[in-house]
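So you can see what is in the structure, the chains are spelled out below.
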Amino acid sequence: MLQASGSGQGVREAYSRWARTYDQDPNRTRDLDQQVTRRLLDGRRFNRVLELGCGTGKNTALLADIGAQVVAIDFSAGMLQRARAKIAASHVAFAEADLTQPWPPAAQSVNLVVANLVLEHIEDLAPVFAQAAQSLVPKGMLLVCELHPFRQYQGTQARFSDAGAEQVLIPAYTHHLSDYLRAARGAGLVVLQVDEWWHDDDDGLPPRLLSLIGEKP
């Protein structure tokens, strides 16, 4: 089993390599995340949406349906190439950005910020939550859906097989539930809802995903 470089550049390169097969590889966590996101956003409509870590666009299609304008960002060029090929809508814009650095759009301009299966690769959650809160308009919503810390405690992390070779482990940081709550509240967000999610095949196992919904006062 291979370990990708622990730097942000290593994570970027790993996901660009994975992009070729990401949508086709069996991945219960990815599939459950898509189901959870649809369930939590069902029936809602937003003027402007910001998606953090859009990957190959697995959730961007849904956001394009419920958002009048969507900005989807990722720091993997390979993932963005796949996303752009799948979603060619005039109201959806893709951009390459590092979530550990300042990223668009302008302050108080977004109604919904979504982060899915991306924060495990970021060591410090506080700056990300702070930037998300800054981007939101008053009463704007933040939706986070991430690998559950219980799974991380058991050693689960993002991985893929590169061209049939050994599995590649992508560097990840364990974030406890308290870390998410502290980061949200530290950014001035009101935590409205926290849920845990299991795949249909997870009977008797710890929850696979943790979701959090926060609101900017």
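Preceding block: the structure.
Residues numbered from 1 in each chain as written. Predicted model: local features only at pLDDT ≥ 70, side-chain atom pairs only at ≥ 80, totals over all residues. Heavy atoms only, no water.

1. Side note on the nonpolar core
Among the nonpolar cores identified, the biggest contains 28 residues, and Leu52, Trp103, Leu119 and Phe129 are the most heavily contacted of them. Where this core is concerned, the elements lending two or more residues are β2 (46–52), β3 (67–74), β5 (110–116), α5 (125–135), β6 (136–147), α7 (177–186) and β10 (209–215). Considering every element that reaches this core, the biggest residue donor is α5, with five residues. Leaving out residues up to four positions away in the same chain, Trp103 has contacts with Leu50, Leu52, Ile73, Ala97, Asp98, Val128, Gln131, Ala132 and Ser135. Judged by nonpolar contacts, the second largest core, of 27 residues, contains Leu63, Met141, Trp197 and Ile213. (Core = buried A, V, L, I, M, F, W, Y, C linked by side-chain atoms within 4.5 Å. Buried < 20%, exposed > 50% of the residue type's maximum accessible area, 1.4 Å probe, protein only. Helix = DSSP H or I, 4+ residues; strand = E, 2+ residues; numbered from the N terminus. Contact = heavy atoms within 4.5 Å.)

2. Comments concerning the packing of aromatic side chains
By the definition in use, this model includes one aromatic pair. The ring of Tyr22 carries the charged tip of Arg30 above its face, separated from the ring centre by 5.8 Å. (Phe/Tyr/Trp six-rings, centres within 6.5 Å; stacked < 30°, edge-to-face > 60°. Lys NZ or Arg CZ within 6 Å of the ring centre and 35° of its normal.)

3. Topic: the environment of Asp74
In this fold, Asp74 is placed in strand β3. Distance from Asp74 to Ala14, taken between C-alpha atoms, is 13 Å for residues 60 residues apart in sequence. Not counting the four nearest positions on each side in its chain, Asp74 is found in contact with Gly53, Cys54, Gly55, Met79, Leu80, Ala95, Glu96 and Ala97. A distance of 3.3 Å separates the side chain of Asp74 from the backbone nitrogen of Cys54, its partner in a polar contact. (Polar contact = N/O pair within 3.5 Å; in protein donor to acceptor, adjacent residues only side chain to side chain.)

4. What to know about the pattern of salt bridges
Opposite charge on two side chains makes pairing possible when the charged atoms of those side chains draw close. Counting across every chain of the model gives eight salt bridges. In this structure, Lys139 and Glu215 form a salt bridge, with 3.9 Å as the shortest nitrogen-oxygen distance. Of this pair, Lys139 sits in strand β6 while Glu215 is found in strand β10, placing the two residues 76 residues apart along the sequence. The class of Glu215 is partly exposed, set by a relative accessible area of 23%. A salt bridge links Arg151 to Asp202; its shortest N-O distance comes to 3.5 Å. With Arg151 in helix α6 (residues 149–153) and Asp202 in the loop between β9 (190–197) and β10, this pair connects stretches of sequence that are 51 residues apart. Among the charged side chains, a network of salt bridges with common partners joins Arg151, Asp202 and Arg208. (Salt bridge = Lys/Arg side-chain N within 4 Å of Asp/Glu carboxyl O.)

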